Amino acid sequence: MDPKTLRLFYEPRDRLRLTIGTERSYPTVKPVWAAPLSRPGRYLVLLDGKGEEITMIANPKEALPPESWAAVQEELRRRYLTATVTAVLHAKVEFGATYWSVETDRGRRDFVTQNLQENALWLSDHHLLLLDVDGNRFEIPDLRALDSTSQRYIAAIL
Amino acid sequence: MSGTQVVQPSDLKEGEGLGRDAEEPLIRLEADIGPEGRFGTRILEVTASRVRVWEPDGVVSFQVPLADLKSARNEPLVGGGRLEVTTKSGEIVPVLAYSMSLAAKFSEAARGIEQLARGEALLINLKQERMRCAKCDRLLPEKDGICPACVSRGATMLRIARFLRPYQNQAIMLSLLSVLTTVLNLAPPYIQGTLVDQVLTAHRNIGLLFGLMAAWLLVLASSVGIQILTGRLIAFLAANIAADLRSGVYRAIEFLQLAYFDKKQVGAITSRVTQDTDRVWGFLVDGVPYFVTNALLLFGVIGFLFYVNWFLAFCILAPIPVVCAISVFFWKPVSQMYHRGGQKWARFHMHLNESLSGIRVIKAFAQEDLEYGKFEHRNRELRDAGVRADAKWYTIFGAMTFFTSLGVLINWTVGGYLVYAHKMTLGDFWRVNAYLGLVYGPLQWFAMINNWFSRAMAGAERIFEVMDADPERYGEEAGYPITGAVSFEDVRFGYDKSNPVIKGMTFTAQPGEMIGLVGKSGAGKSTTINLLCRFYEPDAGTIKLDGKDYREIPLKEMRRQIGLVLQEPFLFNGTIADNIAYGKPGATFEEIVEAAKAANAHHFILAKPDGYDTMVGERGAKLSGGERQRISIARAILHNPRILILDEATSSVDVETEKQIQEAVGRLVEGRTTFAIAHRLSTLRNATRLIVLEKGEVKEMGTHAELMERQGVFYNLVQTQSAINEIIGVGT
Ligand SMILES: Nc1ncnc2c1ncn2[C@@H]1O[C@H](COP(=O)(O)OP(=O)(O)O)[C@@H](O)[C@H]1O
Ligand SMILES: [Mg+2]
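Note that the coordinates shown come from a computational prediction; the quantities given were computed from them, not determined experimentally. Every residue gets a number counted from 1 within its own chain, in the order that chain's sequence is written. Here every chain gets a letter starting at A, and every ligand a number starting at 1, in the order they are written. The model is predicted, so local features are restricted to residues of pLDDT at least 70 and side-chain atom pairs to those at 80 or more, both for listing and for counting; the totals for chains, interfaces and linings are taken over all residues. Think of the side-chain values as coming from all heavy atoms in the structure, minus any hydrogens and water.

1. Regarding the overall build of chain A
A count of helices and strands for chain A gives four helices and 12 strands. Each residue gets one of three labels from its accessible area relative to the maximum for its type: buried under 20%, exposed over 50%, partly exposed in between, using a 1.4 Å probe on protein chains only. Relative to its full complement of 158 residues, chain A shows a buried share of 46%. A separation of at least 24 residues holds for 35% of the contacts in chain A among residues at least 6 apart in sequence. On chain A, roughly 7800 Å² of surface is accessible, and the fraction owed to carbon and sulfur atoms is 50%. In this description a helix means any DSSP run of H or I spanning at least four residues, a strand means any run of E spanning at least two, and both kinds are numbered starting from the N terminus. When checking whether two residues touch, look at their non-hydrogen atoms; a contact exists if any pair is within 4.5 Å. Per-residue and other accessible areas were derived by the Shrake-Rupley procedure at a 1.4 Å probe size, with only the shown protein chains allowed to occlude residues.

2. Some words on helix H18 (residues 625-639) of chain B
Residues and elements named next belong to chain B. Multiplying 1.5 Å by the helix residue count minus one yields the expected span of that helix. Between its first and last C-alpha, H18 extends 21 Å over 15 residues, near the 21 Å set by a 1.5 Å rise per residue. Taking burial as the measure, the 15 residues of H18 include 13 buried ones, the bulk of the element. Once H18 finishes, Asn-640 follows within two positions and takes phi at roughly 55°, a positive value.

3. Digging into the confidence of the model for chain B
The predicted coordinates should not be examined in detail at positions where pLDDT is low. All names here are of chain B. Per-chain confidence: chain B averages 83 in pLDDT, with 91% of residues scoring 70 or above. Residue-level confidence of the predictor is summarised by pLDDT, bounded by 0 at the bottom and 100 at the top. In the predicted structure, residues 1-22 sits below a pLDDT of 50 and forms 31 contacts with residues beyond four places in sequence or in another chain. Both scores are given for the predicted complex: the pTM is 0.67, the ipTM 0.91.

4. Here we look at the interface of chain A and chain B
How big an interface is tends to be stated in terms of accessible area lost as the parts join. With 39 residues of chain A in contact, the opposing surface of chain B contributes 40 residues. Accessible surface is computed with a 1.4 Å probe, and the buried area is the amount of it that two parts give up when combined, taken over both parts together. Both faces combined, the contact of chain A with chain B buries some 3300 Å², and carbon together with sulfur accounts for 48% of it. What makes a salt bridge here is a side-chain nitrogen of Lys or Arg within 4 Å of a carboxyl oxygen of Asp or Glu, nothing more. Across the contact surface, chain A and chain B share five salt bridges. We define a polar contact as two N or O atoms separated by no more than 3.5 Å, with the added condition that, inside protein, one atom must be a possible hydrogen donor and the other a possible acceptor, whereas residues neighbouring each other in sequence contribute only through side-chain atom pairs. There are 12 residue pairs in polar contact (both at pLDDT 80 or more) connecting chain A and chain B. Every element with two or more residues in the side of chain A that touches chain B is listed here: helix H2 (66-79), strand S7 (83-94), strand S8 (97-104), strand S9 (107-114), helix H3 (116-119), strand S12 (137-140) and helix H4 (148-157) of chain A. In terms of residues, the side of chain A that touches chain B owes the most to one element, S9 of chain A, which gives seven residues. The residue classification treats Ala, Val, Leu, Ile, Met, Phe, Trp, Tyr, Cys and Pro as nonpolar and Asp, Glu, Lys and Arg as charged. All others, Gly included, are polar. Among the residues forming the side of chain A that touches chain B, the class breakdown is 15 nonpolar, seven polar and 17 charged.

5. As for the environment of Trp-281 of chain B
Residues and elements named next belong to chain B. Its place among the elements puts Trp-281 in helix H6 (residues 266-308). Separated by 175 residues in the primary sequence, Trp-281 and Ala-456 have C-alpha atoms spaced 8.2 Å apart. The contact partners of Trp-281, leaving out residues within four places of it in the chain, are Ala-238, Ile-241, Ala-242, Leu-245 and Asp-286.

Written out as structure tokens, the structure is:
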């Protein structure tokens, strides 16, 4: 399937639709990343209303028509509530729990993590995912990109 | 402790800014994600007539009349969820998003909206959960849980101390000996000082020399004796208190409700029995005496120093704050480094364990190099962490040594001058010098005590949390004959209160009947069984045994009358005979053999070189699936229950084995009320009646023939299955 023939748009206002060329149309599509952590921005899968795969696009950013990509991005933004940490303002281990205060792309947030061996996942040497006690996700794509205070907090705890 | 409650409008306070509207909010919930996906607050408000969303600035950003709504649901998102409503025209409209922290509340809200839309009474459970500690405003690790920073140290300490009560004589003895040890430690330098003053500098009283030496010998001998005694006391107390703590925790865990185990991982629970108890007794038996002895010593020495010469004492003690400060400031980073090293070790262990367990797969895929690479990576990590931690440790240790030695230096300078100026005797100088060593040493560990204490308190908290958790109510044992009549009356249940799995189930089983439970995977068959075994209790409705609410029957007695055969039978590491006898402790060998015969297991057991003495391995790993299953059936036969439960007992074995198991089951079900779940519907042909479940509701009930005739849900299931069987060529 040629991604260039895919047209994704909202209609009605909050429902993402897909038409393929002129012959096929899906009233509801759900975009999901196949490997959001290890291959961010690549391998986008479009699912239909029943959760069946319609197609997988290896490089959605280049392959999709620009308006479609914009619509998909909007839907992805709504579906992926993972926060990307831009700075660690404070972090402290006390009595087995770690209390964090972070600045993220979605704003400031305080959270608690427990049992860091299981809830701090190193996806590579510099890529970290923190899961708080409720299962909320906080991602640090590149530790080295953080300011030195943030790095010091993380180094002290992990 | 009812899970549901009617929300009274008066319970809910009206927010600011909505005063003008006369409609009273029935549901008001704060969401934590704003319109653009940023963290922020929005308020969901449901009144008798509409659903609305308020922005923090008091603007209504979304609104829909309840009369237009058909249903409401929660769409799961990554890291949160979204409340969506479906209108009567079939349009799905997103309302607002929330993070995982609020998911349970919003799924209640969705239920509430549906109830209101259908004109039913509002029956939801929106209890206020505390997210932050009321005292210190810290986020709580578990909602409504304890705040680890604010637990009352005093109360916990007292509770820990209660474990000493059975050994109070030994504990008192230990305290006395500690004081005695302190005094005896102070004696030799004192004797030396006297010796210097009265004999050495005076050059007379040589007789005193021998007297003093005799005294010293006595002190030495008695302090060695006391040391031995103290050591033995500590060993005795440590072993006993550790054992008591472990048994206490284990016993408490055994009686915990199953729901507790759903939430926690086995590893986390095990660590409470091992690590947390270790921390507590370690502190109690090693930490407390250590602390007491050294504190006494410190005060004794300081008192003596001031008695001898206040100026010298003052000079000598001057560096102590510095030593304490170093200890406090540097202890933490160093202990963190060692802690991290410990974690790396744990990961190293885990990885090593895993790769050795998977050695067949590694060899089969010829991936030795890859695994070696991973191993090397971890090994290097470990090496570097070790080097770093030790390097830091020795640096700090060096600094500490410098400051502690400073005390000695000061003593020689100031004390030396005082002796020179005849303001102090040489003997006193000698004593001071010796005591310094006794004080400065323990001071280095000043900060460690606090850390030690904190860890012990945290461990104690976790232990007490388990001990205080709601246990299953076992009740008294009393001969309680059960004939085996079971009835479910409008039973409702959900593992998570907001998500019902069994929705109003009603049926009756007569004694001796065999009931087949049928339905797709996830329909709630195993859940029905869990309720019947009372692993969980219904949220609403009643389950009756012999016409009596089963909550009134002693749990132990009730479980004694229930036999369970699961799809994945769990065997304990031990012999085959032990495992069969688990159903009836004290069974004779003849009974065991008889049960094994009835279970069609006798034959294969005899074929093993050790027969009934064959070790089954961990979880029965040395046996095949069918063999394990037949042993678990033999175990149930020996248990001789009135009610027998077979949950997919034959699903994971081949057809030939299944036939043998079926035969055994046939013998087992005679005269008992049986509930059987089977994946292959044909195996339920002998059932007296079948109950067809769909999404937690009873869809159909009747005999095999009746249901086939009706051509309903069951008929369709059978059709699909035989069609599939024909395709894959499995005989029915
Ligand atoms: N311990 C549990 N905690 C939460 N949900 C559970 C648990 N066990 C089962 N469920 C859920 O309950 C539903 C019914 O499961 P179950 O009774 O096991 O179905 P089945 O009919 O296949 O035996 C499923 O949706 C399942 O995901
Ligand atoms: Mg099941």
